[in-house]
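Coordinates in review
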2 protein chains.
Amino acid sequence: MPKSPLPPLLYADTVTNADMLYFGRVDVHDPFIAFGFRGKKISVQSALEFGRVRKNSDFDTVLSREACLARARKVYGLKAGAAEIIATLAKEYGQRAFRISGDFPAALYVKLTQLGLKLVFAEGALFPEREIKTVWEAGCIREGNRLCSVGYLVAEKILRAAKIKGRALIYQSKPLTSETLRFHLETAIRAEGGNPQDTIVAGGDQACDPHERGSGPLHAHELIIIDIFPRVIKTGYFGDMTRTYLKGRPREVQRRMVATVREAQKLATKAVRAGVDGRLVHTAVTQCFTDAGYETKHGKNGSVGFFHGTGHGLGLAVHEAGRISPAVAYPLKKDSVLTVEPGLYYPGLGGCRWEDVVQVTATGARPLSKHPYDWEIR
Amino acid sequence: MPKSPLPPLLYADTVTNADMLYFGRVDVHDPFIAFGFRGKKISVQSALEFGRVRKNSDFDTVLSREACLARARKVYGLKAGAAEIIATLAKEYGQRAFRISGDFPAALYVKLTQLGLKLVFAEGALFPEREIKTVWEAGCIREGNRLCSVGYLVAEKILRAAKIKGRALIYQSKPLTSETLRFHLETAIRAEGGNPQDTIVAGGDQACDPHERGSGPLHAHELIIIDIFPRVIKTGYFGDMTRTYLKGRPREVQRRMVATVREAQKLATKAVRAGVDGRLVHTAVTQCFTDAGYETKHGKNGSVGFFHGTGHGLGLAVHEAGRISPAVAYPLKKDSVLTVEPGLYYPGLGGCRWEDVVQVTATGARPLSKHPYDWEIR
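Residues numbered from 1 in each chain as written. Chains lettered and ligands numbered in written order. Predicted model: local features only at pLDDT ≥ 70, side-chain atom pairs only at ≥ 80, totals over all residues. Heavy atoms only, no water.

Residues and elements named next belong to chain A. By domain assignment, chain A separates into domain 1 (9-126) and domain 2 (131-377). Each of domain 1 and domain 2 has a C-alpha centre, and the two are 38 Å apart. Every contact between the two is made by 5 residues of domain 1 and, on the other side, 7 residues of domain 2. For domain 1, the biggest contributors to the area lost against domain 2 are Ala 18, Leu 21 and Arg 25; these three give 69% of the whole. Seen at the junction of domain 1 and domain 2, the total is 1 salt bridge. Of the charged contacts, one joins Glu 137 and Arg 25 as a salt bridge, the two residues approaching to 3.8 Å between their closest N and O atoms. Taken together, domain 1 and domain 2 are joined by 2 residue pairs in polar contact (both at pLDDT 80 or more). (Domains from an automatic or database assignment. Contact = heavy atoms within 4.5 Å. Buried area = accessible area lost by both parts, 1.4 Å probe. Salt bridge = Lys/Arg side-chain N within 4 Å of Asp/Glu carboxyl O. Polar contact = N/O pair within 3.5 Å; in protein donor to acceptor, adjacent residues only side chain to side chain.)

Residue and element names in this part refer to chain A. The alternating pattern of strand E20 (residues 343-346) places Gly 343 and Tyr 345 and Leu 344 and Tyr 346 on opposite faces, both of which are buried. Judged from the 4 bridges that link them, E20 and strand E21 (residues 350-353) form a sheet pairing that is antiparallel. Bridge pairing in E21 links Leu 344 to Cys 352. Between E20 and E21, which follow one another and run antiparallel, lie 3 residues, and Gly 348 among them has a positive phi close to 100°. (Buried < 20%, exposed > 50% of the residue type's maximum accessible area, 1.4 Å probe, protein only. Helix = DSSP H or I, 4+ residues; strand = E, 2+ residues; numbered from the N terminus. Pairing = 2+ DSSP bridges.)

The next thing to look at is the nonpolar core. Of all hydrophobic cores here, the largest spans 56 residues; its most connected members are A:Leu9 and B:Leu9. Discounting residues that sit within four places of it in the chain, B:Leu9 has contacts with B:Ile33, B:Ala34, B:Phe35, B:Ile86, B:Phe98, B:Arg99, B:Ile100, B:Phe104, B:Leu112 and B:Leu119. (Core = buried A, V, L, I, M, F, W, Y, C linked by side-chain atoms within 4.5 Å.)

Next up on the list: the sheet that holds strand E2 (residues 32-37) of chain A. All names here are of chain A. Strand order in the open sheet formed by 4 strands is E1-E2-E3-E4, with mixed pairing between adjacent strands. With partners counted over all chains shown, the strands left at the sheet margins are strand E1 (9-12) and strand E4 (61-64), one partner each. Within this sheet the neighbouring strands show an average axis-to-axis angle of 20°, counted without direction. Relative to E4, strand E3 (residues 40-45) runs parallel, the two being bridged by 4 bridges. The residue bridging Gln 45 from the neighbouring strand is Ser 64, located in E4. Against the sheet, helix H3 (residues 65-76) touches E3 and E4, its axis set at about 60° to E4. (Axes fitted to C-alpha atoms, helices over the stretch in contact; angles between N-to-C directions.)

This part takes up the interface of chain B and chain A. Chain B puts 43 residues into the contact, and the matching count from chain A is 43 residues. Summing both sides of the interface, chain B and chain A together bury roughly 3,600 Å²; the carbon and sulfur share of this comes to 57%. Counting every contact that joins chain B to chain A gives 2 salt bridges. A salt bridge links A:Lys55 to B:Asp209; its shortest N-O distance comes to 3.4 Å. Here chain B is connected to chain A by 20 residue pairs in polar contact (both at pLDDT 80 or more). Listed by contribution, the elements that provide at least two residues to the side of chain B that touches chain A are helix H2 (47-55), helix H5 (106-114), helix H7 (178-191) and strand E16 (302-304) of chain B. For the side of chain B that touches chain A, the element with the highest residue contribution is H2(B), accounting for 8 residues.

Here it is, written out as structure tokens:
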């Protein structure tokens, strides 16, 4: 009989720690204590959060931090803090061993170990079930991607309306900048319940650094990468899509690059299926690029070609378990949700990336994102 | 001669970890390795971030993660990861001991210790100097608070324009909600370069949970708390202010409560001075409330009265070192930046909080926020 796993112990907030959000399903901005006990979820909240968390969360029991601290102080004295509260509760519940995540705070880990608790690192994820998305979760991610599409519609409208003057793009009598385009598309997403952060709107050579957000004037006849990953405020799930645009007249070399990246994306999507090694999906992309003559090179000042993974897990975090990359063998799991996002980056030519989201099925990939690939805007 | 402290070692991103942002002054969304060596700042970046971080950061040296990983694999084999890269670099630099912050990831801490590194937890903050703000930093925080004021002007305009129908507030022919008010004031802040998150717009009894964001229709004749803490995108510093409003006609009990909280805020601000124990400043507030007959009670379903700290440090994080609270003796440091934010919360009556930001001086408190306290809107 397999041993049942130790109950989890967490000390984190729910905004930056997706495990805690998954466990408690509530917004709390400062770190707090939470743990499992006989299948129930227990958390410790200060007076500042107590009432709200009791009303709106998945926690079966919400304990008052002030009351717990008072009990801890009786045993450990006035210097008692989070560690001593946890040790006190562990004693009261008769539960001295917990499983923790690798990003558990080290100082708390050391103190709790000294106080006699047994903390065991989870092998892999703290909640492996987070990788497998339910129908409801897939719907939440689909909504995140719908919000991306809302953003692209705004971006396309602005690019269509912009006038070309030499290399410049003029919108509402001013040079069109990454900042302006970002502001308008993000505002539209927010108006529909999304929280986009650090949206990438990068034109020309700026886009050759795949994580450069982009700033300053956008130019005609240059590729513009727009990568949007908004959080759905109501549920905490993310969307994540990328489209590439060009306002004006593309050169033939740009046209060919854009078509090749789209071709690679299609090939990769076709290769996705439960049980398939993510590395093979990634190889479909690199092979496609090599066959088309697109070389990848790593130099002193950075890399050119294709030098990031093809995809990553998506859910309550933008980057989470699940990967399509050359780094490690990773059999794709049924019902996991992944991005598929090949790209090519060559200074002088610019960058191109197409990114969509799929849910892995027994026979293939179910799309969770939808938006056209029309990239030439005259 | 005092021993010079060990160089810092960090493994974090710069979006959620203010120490890393302080150290590197760059936006990187995924965790990476950074450390100090002989006063220089060194970081390890993947191809995805390399070029951008080399161009725009405070790091003196940016190493290629791929190259470091290749060297680590020669010693530790194919399973080498972040821990083995750090161990390899530690050997190459001849630096085997580092200081780390309490929130350093526990799994990495354990692995590095097993690999022979000596990691010592910083006593208090990893960078104690973060608490003391330079003139430039104070200016960044002032800018954050100016953005708050931009938001209040929008909120006031909307509340003035709203029509009262019975208890309802009608704005642009629809019931005025927390969501609408939040959207408009946040959009104005974003248009000027701020990133407000989770702005609190809470009316009536919703505001009695001080961290409740607020949702649904706002009502006439009820107190509305608006707490805005936007990040200045360009610098990463935060503003943090709270104003309380009431559209319609306040009851005498509401008027008295609002005046008392403002009185307490003035008393607290007057008590701020370098060297003064933050607890004494907090006591000025509790004494003022007690004298005026406002009792604080902790019940099973939450607390009423005044049940949070009077203030906290503000900078690259919304909550950081520096505190005005009853929990612990804390002599206020010259040039540190603190919020001063007393509040009262009574279901039935509603909540009221006034929050401003000051920089501690040798003789008092220099205001870093500015906005009127006119709260009655007819």
